[in-house]
Number of protein chains: 2
Amino acid sequence: MGDGKPATIYDVAARAGVSKSLVSLVLQRSPRVSDQRRAAVLKAIQELDYRPSTAAVSLAGTRSRTIGVVLDDFRNQWFVDLLTGLRESLQDQGHRLVVADRFLNTGLDASPVEGFLSMRVEGIVIAGEPTTDLAIPASMPLVIAGGRVAIPRADTVANDDHAGGGIAAQHLLDLGHTRLGFVGASSAASAERQAGFEQSAVPGASVVTTVLPGEPTEEAGSRALGILLDEHPDVTAVFAANDVMALGALSELAERGLRVPEDVSVIGYDDTPVAAMRYVGLTSIDDRSVEIGRGAGERLLARIADPRIAATELLVEPRLVARRTTAAR
Amino acid sequence: MGDGKPATIYDVAARAGVSKSLVSLVLQRSPRVSDQRRAAVLKAIQELDYRPSTAAVSLAGTRSRTIGVVLDDFRNQWFVDLLTGLRESLQDQGHRLVVADRFLNTGLDASPVEGFLSMRVEGIVIAGEPTTDLAIPASMPLVIAGGRVAIPRADTVANDDHAGGGIAAQHLLDLGHTRLGFVGASSAASAERQAGFEQSAVPGASVVTTVLPGEPTEEAGSRALGILLDEHPDVTAVFAANDVMALGALSELAERGLRVPEDVSVIGYDDTPVAAMRYVGLTSIDDRSVEIGRGAGERLLARIADPRIAATELLVEPRLVARRTTAAR
DNA sequence: TTGTAGGCGTTATCAC
DNA sequence: GTGATAACGCCTACAA
């Protein structure tokens, strides 16, 4: 099939011996078409390898049936599961997903949102913390997935960090640990996780913490744990604000000659792919990204249907994923 | 700005007191517009927060100025650097990048290519090995980035696996190792890397290999190294077909109580983000994804400009990234 | 340098 | 049921 220009409805109509309108009706699965003509049209579509032009569809139609997903960075893998959830809730309704991180079209657009606006998306999902420079029109249906910073008119669907911290504490208590440590950074999530951790742990154990200003990086994890161990060498279990910091903690422990989990148990947060690697085997708290995505999609659909509904906040319950880095005391 | 419907050129024209065409000319940076009118138009655009509709643009224009990038899976992080390179070479020409992995719009399209075809993209980049079920029209400008399976009419830009294997060997020889091992799987890349490795190593060292059928997974890396060490316990350095397998090798070594790099040096391939983590510190071969992306973008532009040019194959020279898992004998 | 008219491929609104 | 016909927002000759 050496196709020159893509086929149009006109081509299909001519080939099927019907009008352009009829083709359009078939495309939209209208029931008001005789089976005979429908078959003829479908046959022609097949033969011509016809494919509707999204440009023409969204220009002529009242809606673009497209949802834009803004990621902060393709390197933050958690979006993969989020997309799965979004897909589940959005594609049944025929919505197409378009993803972009902050960098994908820099040089063309100031922000990924710019591009989405040009595409006339019907709604936007922001994965993670929304940065203030996104400039999203007030009339655009919007949901924050995984972020805690609420934007007044936007729905929020996120993991329950406080509960997650509690789960981490309970796990360590169950294993018999009584001298616990927490390493964190200066983010809302870290603070929430810490609070939940301490609240659930304190009745049965002592908790010492080191919270470093700045991002929750591997480097920060190493430094924080170093400081914590220098002051409290008797700690037997450590909860890190996220997996990346936990990785930093692990390398710090290795450098100090401390074995994991024999000498110190370590638990992270987010259940990232790295944590699941056999070489790492990090016990972590699964933030249920798929669920978050599904919830976010549902909220967005509701908001698109009726933009005036009140903003809601949905918390998804996290759960423990036990691996090799935690063990009984 | 409670914007109801997005502004159109008509609105802009009316506000600036000019015709619609004039607005269009300004948008396209035409020099044949008086500074005065241009200023007026730009001002109106600002005030109305006008943004051209990509749908209308690609419908009316002769070209969509859009490039589709097909990823096999968002989990394979190497595409991140590839995108950087693609961006560098494509966006100067005003091309917009759209990415999709195999799953993004399943349920709507049979394959990501379907969606791109509907969008009337001007070209397609396939990241990694092209799967045969993609069904790309012969007339679509196409380049395979990072894959070795050539499609007749497509350009190929890839890392020079053979050279990379040689670099790995040379590194280990330089460190004084003489009993080398290789663990691989059944992929074209693995075979090439192995060949390059053996060819450069054999003069000065012995090489034993274990190649397992199937995918190059962490699990395969563990198994392969286990087999290799059982038969050849005297090996002091191991080259794995990729970082993931190397990770598997590392965990196998840990389980056997062998220290890295004191007892055994390990070197991977791809220089993935995981390898760069402090906790891992895996010496690896950088496949230069940014360069590959840049090259792929350039090839694609050339092919779009003249679809009849002969398909070319560009090999990018990889380079060593030495970290903690390799040391002198 | 500026304005006019036609068309891009599809949906939506009518008549028939 | 089916088929004209007018939008949709923009670009591109072409005319002025």
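Refer to the structure above for everything that follows.
Keep in mind it's a predicted model, so treat the numbers as computed, not measured.

### Comments concerning empty space enclosed by the protein
Here is step 1: Summed over the entire model, instances satisfying the criterion amount to two cavities of 30 Å³ or more.
Here is step 2: The computed volume of the largest cavity comes to approximately 130 Å³.
Here is step 3: In terms of lining residues, the largest cavity is bounded by 18 residues, among which A100, L104, N105, D109 and P112 of chain A are the most central.
Here is step 4: Of all elements in the fold, only strand 2 (96-101) and helix 6 (112-119) of chain A together with strand 2 (96-101) of chain B reach the threshold of two or more residues within the lining of the largest cavity.
Here is step 5: By residue class, the composition of the lining of the largest cavity is 10 nonpolar, four polar and four charged.

### Digging into the interface of chain B and chain A
Here is step 1: Counting residues at the interface gives 53 residues for chain B and 53 residues for chain A.
Here is step 2: Summing both partners gives a buried area of about 5,000 Å² for chain B against chain A, and 54% of it is carried by carbon and sulfur.
Here is step 3: It is R51, R278 and Y279 of chain B in chain B that bury the most area against chain A; as a group they hold 17% of the surface buried on that side.
Here is step 4: Note that E114 of chain B is salt-bridged to R51 of chain A, the shortest N-O span being 2.6 Å.
Here is step 5: Run the count over chain B and chain A and you get 26 residue pairs in polar contact (both at pLDDT 80 or more).

### Focus: the protein's contact with DNA strand C
Here is step 1: Taken together, 25 residues surround DNA strand C, and among them I9, S24, Y50 and A60 of chain A together with S21 of chain B come closest.
Here is step 2: Protein-adjacent atoms of DNA strand C, using a 4 Å cutoff, are sugar or phosphate at a proportion of 68%.
Here is step 3: The backbone of S53 of chain A places a nitrogen or oxygen atom 3.2 Å from a phosphate oxygen of DNA strand C.
Here is step 4: Take S34 of chain B: an N or O atom from its main chain is 2.7 Å from a phosphate oxygen of DNA strand C.
Here is step 5: Put simply, the parts of the chain that give the surface near DNA strand C at least two residues each are helix 1 (9-16), helix 2 (20-27) and helix 4 (54-60) of chain A together with helix 2 (20-27) and helix 4 (54-60) of chain B.
Here is step 6: For the surface near DNA strand C, the element with the highest residue contribution is helix 4 of chain A, accounting for three residues.
Here is step 7: Across the surface near DNA strand C, the residue classes break down as 12 nonpolar, 10 polar and three charged.

### Description of the nonpolar core
For soluble globular proteins, the rule of thumb is that nonpolar side chains tend to be buried together.
Here is step 1: In this structure, V280 of chain A together with F197 and V280 of chain B are the most contacted members of the largest nonpolar core, which totals 81 residues.
Here is step 2: The residues touching F197 of chain B, leaving out its near neighbours within four places in the chain, are G165, G166, A168, A169, L172, L180, G181, F182, V207 and F239 of chain B.
Here is step 3: Grouped together as the second largest cluster of nonpolar side chains are 77 residues, V99 and L104 of chain A together with V80 and A296 of chain B included.

### Points about the sheet that holds strand 6 (residues 179-185) of chain A
All names here are of chain A.
Here is step 1: Spatially, four strands are ordered 7-6-8-9 in an open sheet, and the strand pairing comes out parallel. Among the strands making up the open sheet, the edge pair consists of strand 7 (206-212) and strand 9 (265-267). The average undirected angle you get between the axes of adjacent strands in this sheet is 20°.
Here is step 2: Along the sheet, helix 9 (residues 218-231) makes contact with strand 6, strand 7 and strand 8 (237-240), crossing strand 7 at roughly 135°.

### Focus on unusual backbone geometry
Here is step 1: Look at the link from V260 of chain A to P261 of chain A: it is a cis peptide, with omega at 5°.
Here is step 2: Within the element layout of this structure, P261 of chain A appears in the loop between helix 10 (243-255) and strand 9.
Here is step 3: Positive phi values are uncommon outside glycine, yet A135 of chain B reaches one of about 55°.
Here is step 4: By secondary structure assignment, the location of A135 of chain B is in the loop between strand 3 (123-127) and strand 4 (142-145).
Here is step 5: Residue A135 of chain B is classed as exposed on the basis of its relative accessible area of 56%.

### Let's talk about the protein's contact with DNA strand D
Here is step 1: The immediate surroundings of DNA strand D are formed by 24 residues, with S21 and S34 of chain A together with I9, S24 and Y50 of chain B found nearest.
Here is step 2: Those atoms of DNA strand D that come within 4 Å of the protein belong to sugar or phosphate at a rate of 67%.
Here is step 3: One nitrogen or oxygen atom from the main chain of S19 of chain A is found 3.3 Å from a phosphate oxygen belonging to DNA strand D.
Here is step 4: Take S34 of chain A: an N or O atom from its main chain is 2.8 Å from a phosphate oxygen of DNA strand D.
Here is step 5: Elements represented by at least two residues in the surface near DNA strand D include exactly helix 2 and helix 4 of chain A together with helix 1 (9-16), helix 2 and helix 4 of chain B.
Here is step 6: Residues that form the surface near DNA strand D fall into these classes: 13 nonpolar, nine polar and two charged.

### Some points on the packing of aromatic side chains
Here is step 1: The tally for this structure, following the rule as stated, stands at 14 aromatic pairs over all chains.
Here is step 2: Look at F182 of chain B and F197 of chain B: their rings are 6.3 Å apart centre to centre, the planes differ by 35°, and that puts the pair in the tilted class. With F182 of chain B in strand 6 (residues 179-185) and F197 of chain B in helix 8 (residues 188-201), this pair connects stretches of sequence that are 15 residues apart.
Here is step 3: Under the relative-accessibility criterion, F182 of chain B is labelled buried at 0%.
Here is step 4: Taking 6.3 Å as the distance between ring centres and 40° as the angle between the ring planes, the aromatic pair formed by F239 of chain B and Y269 of chain B counts as tilted. Here F239 of chain B is found in strand 8 (residues 237-240), whereas its partner Y269 of chain B is found in the loop between strand 9 (265-267) and helix 11 (273-276), with 30 residues between them in sequence.
Here is step 5: Given the relative accessible area of 0%, F239 of chain B is considered buried.
Here is step 6: What links up through ring pairs into an aromatic cluster is the set F74 and F79 of chain A together with F74 and F79 of chain B.
Here is step 7: When the ring centre of Y269 of chain A is taken as origin, the NZ or CZ atom of R193 of chain A, which lies over that ring, is 3.6 Å away.

### A word on the packing of helix 9 (residues 218-231) of chain B against helix 10 (residues 243-255) of chain B
Packed helices, taken two at a time, are described by the angle their axes make and the gap between the axes.
Residues and elements named next belong to chain B.
Here is step 1: Where helix 9 contacts helix 10, the two axes come as close as 6 Å, and the packing angle between them is 50°. Judged on the interaxial angle alone, helix 10 and helix 9 are oblique. Relative to helix 10, the crossing made by helix 9 is right-handed. Residues E218, A220, G221, S222, A224, L225, G226 and L229 of helix 9 lie in contact with helix 10, whose contacting residues are V244, M245, L247, G248, A249, S251, E252 and L253.
Here is step 2: In the contact of helix 9 with helix 10, the residues fall into nine nonpolar, five polar and two charged.

### Thoughts on the pairing of strand 6 of chain A
All names here are of chain A.
Here is step 1: With six of seven residues buried, strand 6 lies mostly within the body of the structure.
Here is step 2: Sheet analysis places strand 6 next to strand 7, joined by seven bridges and oriented parallel. Looking at strand 7, one finds that G181 is bridged to V208.
Here is step 3: Read from strand 6 through helix 8 (residues 188-201) to strand 7, the crossover connection turns out right-handed.
Here is step 4: Bridge analysis of strand 6 against strand 8 gives four bridges, and the strand direction is parallel. Looking across to strand 8, one finds that G181 is bridged to V238.

Procedures and definitions
Residues numbered from 1 in each chain as written. Chains lettered and ligands numbered in written order. Predicted model: local features only at pLDDT ≥ 70, side-chain atom pairs only at ≥ 80, totals over all residues. Heavy atoms only, no water. 1 Å grid on protein atoms, 1.4 Å probe; cavity = no way out; pocket = protein on both sides within 12 Å on 5 of 7 lines; lining within 4 Å. Points joined across faces, edges and corners; volume = space filled by probe spheres on them. Helix = DSSP H or I, 4+ residues; strand = E, 2+ residues; numbered from the N terminus. Nonpolar A, V, L, I, M, F, W, Y, C, P; charged D, E, K, R; others polar. Contact = heavy atoms within 4.5 Å. Buried area = accessible area lost by both parts, 1.4 Å probe. Salt bridge = Lys/Arg side-chain N within 4 Å of Asp/Glu carboxyl O. Polar contact = N/O pair within 3.5 Å; in protein donor to acceptor, adjacent residues only side chain to side chain. Near = heavy atom within 4 Å. Core = buried A, V, L, I, M, F, W, Y, C linked by side-chain atoms within 4.5 Å. Buried < 20%, exposed > 50% of the residue type's maximum accessible area, 1.4 Å probe, protein only. Pairing = 2+ DSSP bridges. Axes fitted to C-alpha atoms, helices over the stretch in contact; angles between N-to-C directions. Phe/Tyr/Trp six-rings, centres within 6.5 Å; stacked < 30°, edge-to-face > 60°. Lys NZ or Arg CZ within 6 Å of the ring centre and 35° of its normal. Parallel < 35°, antiparallel > 145°, perpendicular 65-115°, else oblique. Left-handed = near helix turned anticlockwise from the far one by under 90°. Right-handed = clockwise from strand over helix to strand, strands pointing away.

What is shown is where atoms sit, not what they do.
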